[in-house]
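# Structural overview
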Amino acid sequence: KEPQSLAGDLSFRLKTGKSGLLKFYSTINRSKLTTIEENLNQPGTTVTYNLLNDNYFINTSWIGEIQKDWIQSTGFSYTNNMDRVSIDSMKLTEALQGTHTKLSLKHRISDRIKILAGTEWYYKSYGMLFPGAETNNQISYVNNTLTGFMESELYASSRFITRVGLRFEYSEYLKRSSLAPRISTAYKLGQTGQVSMAYGWFFQDPDDEFLLHTPELEFERADHITLNYLYNKDQRMLRTELYFKNYKNLVKYAWSGEQDYSFINNTGDGYAYGLDLFWRDKKSIKNGEYWISYSYIESLRNYLDYPEHAIPNFSSKHNLSLVYKHWIEGLRSM
């Protein structure tokens with residue numbers, strides 16, 4: 001059965017006072033499909049896969065100056081996603097509900113110093129239901145995450161800027177907290193170029209499929225360091241970036257005899273390093289523009305059920321993209 005989708009969305013913006021702006025956006029979507037695929041475990045047989053998805057999303061925000069040199073931003077979002085899956089005779093319902101509330105204040109102390117501080121609250125409910133003829137097997141979890149962050153922008157001169165930040169996060173379900181420092185600097189090379197460098201720690205929860213089985217896990221962690229050069233002049237732009245990422249506390253697991261997750265832990269690790277190049281030219285060809293992007297990446301991970309360090313299946317070493325766009329004035333088309 002070919003994919004089918006029915007969707008609608010609503011959005012509006014409203015100015016409040018002299019500087020305030022209220023935004024609202026919501027969307028609703030239902031989609032479904034059915035595929036018949038070859039069964040790789042039993043050659044010569046097929047598997048019928050059916051999916052029905054319902055998704056609802058609301059996002060609203062307000063930003064405005066509450067007094068001189070003080071800017072407040074607030075936001076709230078709600079998401080509800082449900083997947084009803086059937087694979088031959090096996091049925092599964094996967095449900096996710098979540099909210100995100102955010103409040104931040106930005107203050108300009110002087111022309112050389114700006115500070116930003118705020119807090120966020122995330123609520124997440126995730127579960128899976130396996131409808132059966134006699135009993136319904138259901139597993140789920142609920143997590144509340146509270147965060148706080150502070151960031152400062154320091155202008156040493158009109159050419160040199162430093163941004164220093166710190167982020168705190170606490171997960172009620174994992175009963176763990178994290179503290180992530182981050183720093184970035186940028187230096188302008190005249191009117192056309194800029195070099196920048198950034199370093200920081202980043203944390204994320206393990207995937208839902210693991211949190212359903214145990215709360216005895218840690219945040220997964222990635223340490224990033226990047227070096228960037230940007231050239232922008234006469235509608236031509238070149239951007240290059242070198243990066244290195246070190247991964248810690250990645251989730252690993254093994255399979256038990258009942259084909260269930262067992263021995264779930266955070267002993268996985270890995271790394272990635274590479275180079276990104278991007279060139280865009282809007283000037284050389286009349287009514288035309290083109291851009292070229294290339295990335296090179298080396299990555300190894302020992303996580304999930306990997307027996308040793310290996311290249312993850314989503315990582316390709318070389319990626320090249322060539323794009324050309326031309327405007328045809330007579331047809332008012334491109």
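Note: the structure precedes this text.
All of the points below concern the structure found in this document. (Residues numbered from 1 in each chain as written. Predicted model: local features only at pLDDT ≥ 70, side-chain atom pairs only at ≥ 80, totals over all residues. Heavy atoms only, no water.)

What follows covers the overall build of the protein chain. Looking only at helices and strands, the protein chain features 1 helix and 15 strands. Dimensions of the protein chain, computed from C-alpha atoms along their principal axes, come out at roughly 70 × 50 × 45 Å. The 334 residues of the protein chain split such that 26% are buried. Pairs at least 24 residues apart make up 50% of the contacts formed inside the protein chain by residues separated by at least 6 positions. Carbon and sulfur atoms make up 56% of the accessible area of the protein chain, which totals about 21400 Å². Taking the average location of the 38 positive side-chain charges in the protein chain and that of its 37 negative ones, the two points are 14 Å from each other. (Helix = DSSP H or I, 4+ residues; strand = E, 2+ residues; numbered from the N terminus. Buried < 20%, exposed > 50% of the residue type's maximum accessible area, 1.4 Å probe, protein only. Contact = heavy atoms within 4.5 Å. Areas by Shrake-Rupley, 256 points an atom, 1.4 Å probe, with all protein chains shown as cover. Lys, Arg positive; Asp, Glu negative; His and termini not counted. Charge placed at Lys NZ, Arg CZ, Asp CG, Glu CD.)

For E65, the location among the structural elements is in strand 3 (residues 46-67). The partly exposed category is assigned to E65, whose relative accessible area is 43%. Along the backbone, E65 and K106 are 41 residues apart, and their C-alpha atoms lie at a distance of 9.3 Å. Filtering out sequence-adjacent residues up to four positions away, E65 remains in contact with S19, W70 and I71. Here the side chain of E65 touches D69 through a polar contact of 3.1 Å, landing on its backbone nitrogen. (Polar contact = N/O pair within 3.5 Å; in protein donor to acceptor, adjacent residues only side chain to side chain.)

Another aspect to go through is the pairing of strand 6 (residues 113-130). Within a regular strand, the side chains alternate between the two sheet faces. One ladder, built from 16 bridges, connects strand 5 (residues 90-108) with strand 6; its direction is antiparallel. Residue pairing across strands places H100 opposite Y122, the latter belonging to strand 6. Connecting the antiparallel pair strand 5 and strand 6 is a turn made up of 4 residues. In this structure, strand 6 lies alongside strand 7 (residues 137-155), joined through 18 bridges in antiparallel fashion. Following the sheet pairing, A117 is matched in strand 7 by M150. (Pairing = 2+ DSSP bridges.)

So, about the nonpolar core. In this structure, Y141, L174, F210, L211, L217 and I264 are the most contacted members of the largest nonpolar core, which totals 16 residues. Counting residues per element, the ones that place at least two in this core are strand 6, helix 1 (208-211), strand 12 (236-255) and strand 13 (261-281). Setting aside chain neighbours within four positions, we find I264 in contact with F210, H213, T214, L217, V251, K252 and Y253. Grouped together as the second largest cluster of nonpolar side chains are 6 residues, Y247, L250, A272 and Y306 included. (Core = buried A, V, L, I, M, F, W, Y, C linked by side-chain atoms within 4.5 Å.)

Moving on: the pattern of salt bridges. Counted according to the given criterion, the structure contains 16 salt bridges. R108 is the partner of D111 in a salt bridge, and the nearest nitrogen-oxygen pair spans 2.6 Å. Assessed through its relative accessible area of 65%, D111 is described here as exposed. Residue classification places R108 among the partly exposed positions, given a relative accessible area of 31%. Across the pair D281 and R236 runs a salt bridge whose closest N-O atoms are separated by 3.5 Å. Here D281, found in strand 13, pairs with R236, found in strand 12; they are 45 residues apart in sequence, far enough to count as distant. On the basis of relative accessible area, D281 is assigned to the buried category, the value being 2%. The exposure class assigned to R236 is partly exposed, which follows from its relative accessible area of 26%. Linked through salt bridges whose partners overlap, the residues forming this network are R30, D54 and R84. (Salt bridge = Lys/Arg side-chain N within 4 Å of Asp/Glu carboxyl O.)

Here the focus is the environment of I264. Inspection of the secondary structure assignment puts I264 in strand 13. Given a relative accessible area of 17%, I264 falls into the buried group. In sequence terms I264 and A254 are 10 residues apart; their C-alpha atoms lie 7.1 Å from each other.

A separate point is the environment of G64. Among the secondary structure elements, G64 is positioned in strand 3. In sequence terms G64 and G17 are 47 residues apart; their C-alpha atoms lie 8.6 Å from each other. If we ignore the near neighbours within four places in the chain, the residues touching G64 are S19, G20, W70, I71 and Q72.

Read these as spatial facts, not as claims about activity.
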